[in-house]
Amino acid sequence: MAEEFKIEQMEKEVEEMTALRYLTKENAVFQRTEGGFVSLEYDGKKWDRVQVIRLFPFTEPDQFISIRTVEERSKEIGVIADLKQVSKDTKKMLEQQLNLHYFTPVIQKIMDIKDEYGYAYFHVMTDRGECRFTINMGGNAVVRLTDSRLLITDLDENRFEIPDVFQLSQKEQRKLDLFL
């Protein structure tokens with residue numbers, strides 16, 4: 001009898017985890033909290049703080065926006081199919097949260113790259129100013145998104161983008177070639 005209950009409970013949990021719920025301006029209310037976070041009311045429940053995550057950040061940045069709980073093992077509450085499906089105020093609020101989450105300075109110039117003991121130390125100029133960061137050379141710190149577009153993730157999980165490596169000087173490209 002107890003084993004039957006466990007199976008039923010597991011089936012219920014699996015069904016809840018795999019259910020896809022679409023959030024729209026008709027069924028979801030987003031609000032800014034006093035602390036600057038976003039809260040959500042949906043399906044008779046209220047979450048004081050939610051995460052806003054792009055499911056396809058590079059190919060569909062304004063579509064398929066996942067709204068999740070904030071705990072470490074977050075659960076998806078629902079998905080916004082397209083930001084056009086929410087009010088202008090909600091869209092602006094969610095875009096601000098996405099911009100914070102996906103803050104990605106664009107590298108405009110590589111001033112220097114040094115490698116020591118399995119780490120690469122970058123000194124770059126970005127669209128947000130001069131920056132120094134470190135990557136682990138053994139990991140997946142440099143990801144080629146297209147033939148010319150790179151995404152670099154440092155040790156602190158900050159992201160940097162090079163939209164077109166071919167726009168860099170030959171000297172900068174040679175420095176970068178060590179890590180591709």
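What you see is a predicted model; the values in this text were computed from it and never measured. (Residues numbered from 1 in each chain as written. Predicted model: local features only at pLDDT ≥ 70, side-chain atom pairs only at ≥ 80, totals over all residues. Heavy atoms only, no water.)

Colleague: Help me understand the overall build of the protein chain, please; the structure alone is not making it clear to me.
Modeller: Along its length, the protein chain carries 3 helices and 12 strands. Taken over the C-alpha trace, the protein chain has a radius of gyration of 21 Å; the compact-globule value for 180 residues is 16 Å, which it surpasses by more than 25%. For the protein chain, the spread of C-alpha atoms along the principal axes amounts to about 65 × 45 × 30 Å. Counting only residues that meet the buried cut, the protein chain has 33% of its 180 residues in that class. Contacts spanning at least 24 positions in sequence make up 33% of the contacts within the protein chain whose residues lie at least 6 apart. (Helix = DSSP H or I, 4+ residues; strand = E, 2+ residues; numbered from the N terminus. Rg over C-alpha atoms; globule rule 2.2 N^0.38 Å. Buried < 20%, exposed > 50% of the residue type's maximum accessible area, 1.4 Å probe, protein only. Contact = heavy atoms within 4.5 Å.)

Colleague: What am I meant to see in the layout of surface pockets here?
Modeller: Where empty space is left can be seen by rolling a probe of water-molecule size over the atoms. Considering only enclosed or pocket space, the second largest pocket measures out at about 310 Å³ in volume. In terms of lining, the second largest pocket is formed by 15 residues, of which the most central are Arg54, Tyr102, Phe103, Thr104 and Glu161. Of all the secondary structure elements, the ones that give two or more residues to the lining of the second largest pocket are α2 (88-101) and β12 (159-162). Of the residues assigned to the lining of the second largest pocket, the class counts are 7 nonpolar, 2 polar and 6 charged. (1 Å grid on protein atoms, 1.4 Å probe; cavity = no way out; pocket = protein on both sides within 12 Å on 5 of 7 lines; lining within 4 Å. Points joined across faces, edges and corners; volume = space filled by probe spheres on them. Nonpolar A, V, L, I, M, F, W, Y, C, P; charged D, E, K, R; others polar.)

Colleague: Help me understand the pairing of strand β11 (residues 150-153) in this model?
Modeller: Sheet faces and side chains relate simply in a regular strand, where the side chains alternate between the two faces. Pairing between strand β10 (residues 142-144) and β11: 3 bridges, direction antiparallel. By the bridge assignment, arginine 144 is partnered in β11 with leucine 150. The turn joining β10 and β11, which pair antiparallel and follow one another in sequence, is formed by 5 residues. One ladder, built from 4 bridges, connects β11 with β12; its direction is antiparallel. (Pairing = 2+ DSSP bridges.)

Colleague: What exactly am I supposed to notice about a nonpolar patch on the surface here?
Modeller: Taken together, the side chains of Leu20, Tyr22, Leu55, Phe56 and Phe64 make up a nonpolar region of the molecular surface, amounting to roughly 440 Å² of accessible area. Relative to the helices and strands, leucine 20 resides in the loop between α1 (2-18) and β1 (28-32). (Patch = residues over 30% accessible without salt bridge, like charges linked within 9 Å, V, L, I, M, F, W, Y side chains within 5 Å. Areas by Shrake-Rupley, 256 points an atom, 1.4 Å probe, with all protein chains shown as cover. Salt bridge = Lys/Arg side-chain N within 4 Å of Asp/Glu carboxyl O.)

Colleague: Explain unusual backbone geometry here, please?
Modeller: For residues that are not glycine, phi is negative in most cases, and the peptide bond is trans in most cases. Even without a glycine there, the phi angle at tyrosine 117 is positive, about 55 degrees. Here tyrosine 117 lies in the loop between β7 (107-116) and β8 (119-126). The class for tyrosine 117 is exposed, based on a relative accessible area of 78%. Its identity is not glycine, yet glutamate 157 carries a phi of approximately 70 degrees, on the positive side. Its place among the elements puts glutamate 157 in the loop between β11 and β12.

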